[in-house]
Amino acid sequence: MGSEIWVVAEHRGGQLRRPTLEALGAARQLATAAGAAVAAVVLGKNAGGLAAELGTHGAARVLWVDEENLDVYSSGGYTHALTELARAHKPLAIVFAASSQARDFAPRLAARLDTGLLPDCIELGWDAASGRVSAKRFINSGKALATVQVKTSPALVTTRPKAFAPAGADGAGAETVKCDLKVDAAQCYGKVKEYEQPAATKVELTEADVVVSGGRGMKGPAEFAVLEELAQVLGAAIGASRAAVDAGWREHAAQVGQTGKVVTPKLYIACGISGAIQHLVGMTNSKIIVAINKDADAPLMKLADYAVVGDLFQLVPALTQEFKRVLEK
Ligand SMILES: Cc1cc2nc3c(=O)[nH]c(=O)nc-3n(C[C@H](O)[C@H](O)[C@H](O)COP(=O)(O)OP(=O)(O)OC[C@H]3O[C@@H](n4cnc5c(N)ncnc54)[C@H](O)[C@@H]3O)c2cc1C
């Protein structure tokens with residue numbers, strides 16, 4: 001059995017993505033508990049420059065595959081390359097940030113390696129008695145917290161956004177190992193054609209400290225303007241319930257919940273959202289929850305730290321003005 005904990009680095013435009021640093025933070029904790037070393041894996045074309053940064057953030061070794069056909073992400077290419085690398089080097093565990101990308105390839109990788117996957121973990125430890133990764137994750141739509149282990153090796157783990165602190169820049173630098181691995185174009189099915197660039201002012205939903213979400217109570221797409229004003233004052237990202245997305249008022253990328261994104265901001269402001277269990281799954285771990293609803297008995301009003309009963313079209317503009325006044329002081 002190997003003695004390395006791997007982190008698969010996610011990068012775009014030559015930059016490491018923040019969730020990778022969180023996965024690296026989680027892997028460092030796990031490696032300390034298991035008495036193992038941390039290694040990072042970089043797949044891509046001309047992406048070797050990321051090795052130094054990964055070393056600074058605590059990877060002792062960086063395995064780098066430089067391959068034309070991995071210039072952008074593909075389900076098939078990543079699964080194939082990681083399968084080959086894991087079979088050759090036999091890491092103890094492989095950790096990924098629970099991004100859309102990892103949600104796509106991690107289950108495929110688990111199937112190829114005939115091993116188990118622990119998704120969306122919020123704590124990672126090492127069970128010395130069994131010699132296994134021991135992780136905590138929410139189950140039953142967030143109603144219970146389970147401690148789970150994988151009996152096979154390597155254990156595959158994805159880390160929930162914001163559950164782990166990003167790895168600090170206190171690493172000693174990494175040994176870079178260029179891996180000789182070929183990936184055919186035919187293996188690269190599910191290739192990303194294009195990334196939509198969020199507007200420079202737009203805050204990424206899963207990384208935002210403040211999220212302002214709207215539901216069916218918003219009444220229509222134009223009415224989201226009141227939330228946009230509030231979001232601008234707070235530097236917040238805009239989320240939506242599935243009802244608002246299904247109605248075509250917001251894009252699917254904004255959906256929070258079971259079939260949307262999981263967010264864990266410091267502040268979640270839900271406007272005109274009833275609080276169906278499928279929505280709660282996506283936001284219940286927010287630090288402070290504010291719900292604005294005409295119906296005092298809506299489920300989200302019971303869960304909220306602050307439940308404000310009233311018409312959102314009166315309350316939200318008033319809140320925006322008040323935040324403006326306070327923040328401009
Ligand atoms: C398999 C499955 C997966 C799903 N996945 C998701 C998911 O990922 N995310 C998700 O959100 N849902 C999901 N759903 C749908 C979910 O069950 C609910 O239907 C949905 O969340 C309801 O959205 P809502 O709260 O916006 O609408 P409603 O339940 O219709 O609530 C609207 C609320 O707005 C309030 N309101 C109306 N007007 C005003 C006003 N002027 N001021 C203040 N309040 C007002 C009302 O009192 C009401 O509480 C899923 C369902 C299934 C079956």
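Residues numbered from 1 in each chain as written. Predicted model: local features only at pLDDT ≥ 70, side-chain atom pairs only at ≥ 80, totals over all residues. Heavy atoms only, no water.

### A few points about the pattern of salt bridges
Two side chains with opposite charge may pair up if their charged atoms get near one another. The final tally for this structure, using the stated rule, is 17 salt bridges. E67 is paired through a salt bridge with K182; the nearest N and O atoms lie 3.3 Å apart. Of this pair, E67 sits in the loop between strand 5 (61–66) and helix 3 (75–89) while K182 sits in the loop between strand 11 (175–179) and strand 12 (210–214), placing them 115 residues apart in sequence. Looking at K182, the relative accessible area reads 60%, which means it is exposed. Each of the salt bridges in this network shares a partner with another, and the network as a whole consists of K162, D209 and K266. (Salt bridge = Lys/Arg side-chain N within 4 Å of Asp/Glu carboxyl O. Helix = DSSP H or I, 4+ residues; strand = E, 2+ residues; numbered from the N terminus. Buried < 20%, exposed > 50% of the residue type's maximum accessible area, 1.4 Å probe, protein only.)

### Here's the deal with the domain arrangement of the protein chain
Domain boundaries assigned for the protein chain yield domain 1 (4–187) and domain 2 (205–327). Measuring from the centre of the C-alpha atoms in domain 1 to the corresponding centre in domain 2 gives 32 Å. With nine residues of domain 1 at the interface, the matching set in domain 2 holds nine residues. With both chains or domains summed, domain 1 and domain 2 bury close to 910 Å², and 49% of this area falls on carbon and sulfur atoms. Taken as a group, S141, R160 and K162 account for 54% of the area that domain 1 buries against domain 2, more than any other trio of residues on that side. The tally of links from domain 1 across to domain 2 stands at one salt bridge. One salt bridge connects K162 with D209, and the closest N-O pair in it is separated by 3.5 Å. Tallied by class, residues from the side of domain 1 that touches domain 2 come to three nonpolar, one polar and five charged. (Domains from an automatic or database assignment. Contact = heavy atoms within 4.5 Å. Buried area = accessible area lost by both parts, 1.4 Å probe. Nonpolar A, V, L, I, M, F, W, Y, C, P; charged D, E, K, R; others polar.)

### A look at helix 5 (residues 225–234)
For the α-helix, the turn length of 3.6 residues means that residues three or four positions removed from each other point alike. All of the buried residues in helix 5 are L227, L230, A231 and L234. The buried residues of helix 5 all sit within an arc of 100 degrees when viewed along its axis, so they share a single face. Within two residues after helix 5, G235 carries a phi angle of roughly 65 degrees, on the positive side. (Arc of directions from axis to C-beta.)

### Regarding the nonpolar core
If you look at the biggest cluster of nonpolar residues, it comprises 37 residues, and the most contacted ones within it are I5, V42, L54, L124 and V133. Of all hydrophobic cores here, the second largest spans 27 residues; its members include V41, Y73, A106 and L109. (Core = buried A, V, L, I, M, F, W, Y, C linked by side-chain atoms within 4.5 Å.)

### Things to note about the sheet that holds strand 7 (residues 117–127)
With mixed pairing, the nine strands of this open sheet are ordered in space as 9-8-7-10-6-1-4-5-11. Whereas interior strands pair on both sides, the edge strands pair on one side only; in this sheet they are strand 9 (144–149) and strand 11. Recorded for the sheet is a direction-independent mean angle of 30 degrees between the axes of neighbouring strands. As paired strands, strand 1 (residues 4–8) and strand 6 (residues 93–97) are joined by three bridges and run parallel to one another. Pairing of V7 across the sheet is with V95, part of strand 6. Set on the sheet, helix 1 (residues 18–34) makes contact with strand 1, strand 4 (37–44), strand 6, strand 7, strand 8 (132–139) and strand 10 (155–159); between it and strand 1 the angle comes to about 175 degrees. Of the strands in this sheet, strand 1, strand 6, strand 7 and strand 10 are in contact with helix 4 (residues 100–113), which crosses strand 6 at around 160 degrees. (Pairing = 2+ DSSP bridges. Axes fitted to C-alpha atoms, helices over the stretch in contact; angles between N-to-C directions.)

### Here we look at the site of the ligand
As a structural note, the neighbourhood of the ligand is formed by 26 residues, with R216, S241, T259, S274 and N293 the closest of them. At a separation of 2.7 Å, an oxygen atom of the ligand approaches a polar side-chain atom of R216. Between the ligand and Q278 there is a distance of 2.8 Å, counted from an oxygen atom to a side-chain nitrogen or oxygen. Protein chains shield 77% of the accessible area of the ligand, which is 980 Å² for the free molecule. Mapped onto the shell around the ligand, the elements with two or more residues apiece are helix 6 (242–246), helix 7 (277–280) and helix 9 (312–327). Of the residues that constitute the shell around the ligand, the class distribution is six nonpolar, 14 polar and six charged. (Near = heavy atom within 4 Å. Polar contact = N/O pair within 3.5 Å; in protein donor to acceptor, adjacent residues only side chain to side chain. Areas by Shrake-Rupley, 256 points an atom, 1.4 Å probe, with all protein chains shown as cover.)

### Overview of the pairing of strand 9
Bridge count between strand 8 and strand 9: six bridges; the pairing is antiparallel. Following the sheet pairing, S134 is matched in strand 9 by Q149. Between the antiparallel neighbours strand 8 and strand 9 lie four residues, among them N140 with a positive phi of about 50 degrees.

### Comments concerning the packing of aromatic side chains
Counted under the stated rule, the structure contains four aromatic pairs. Between Y73 and F105, the ring centres sit 6.1 Å apart and the planes meet at 40 degrees, which makes this aromatic pair tilted. You can see Y73 sitting in the loop between strand 5 and helix 3 and its partner F105 sitting in helix 4, a full 32 residues away along the chain. Neither residue differs from the other here; Y73 and F105 are each classed as buried. Taking the centre distance of 5.6 Å and the plane angle of 50 degrees together, the rings of Y78 and F105 count as tilted. In this pair, Y78 sits in helix 3 while F105 sits in helix 4, placing the two residues 27 residues apart along the sequence. Judged by relative accessible area, F105 falls into the buried class, the value being 2%. Put simply, the rings of Y73, Y78, F96 and F105 touch in pairs and so form one group of aromatic residues. Between the NZ or CZ atom of R12 and the centre of the ring of Y195, over which it lies, the distance is 3.7 Å. (Phe/Tyr/Trp six-rings, centres within 6.5 Å; stacked < 30°, edge-to-face > 60°. Lys NZ or Arg CZ within 6 Å of the ring centre and 35° of its normal.)

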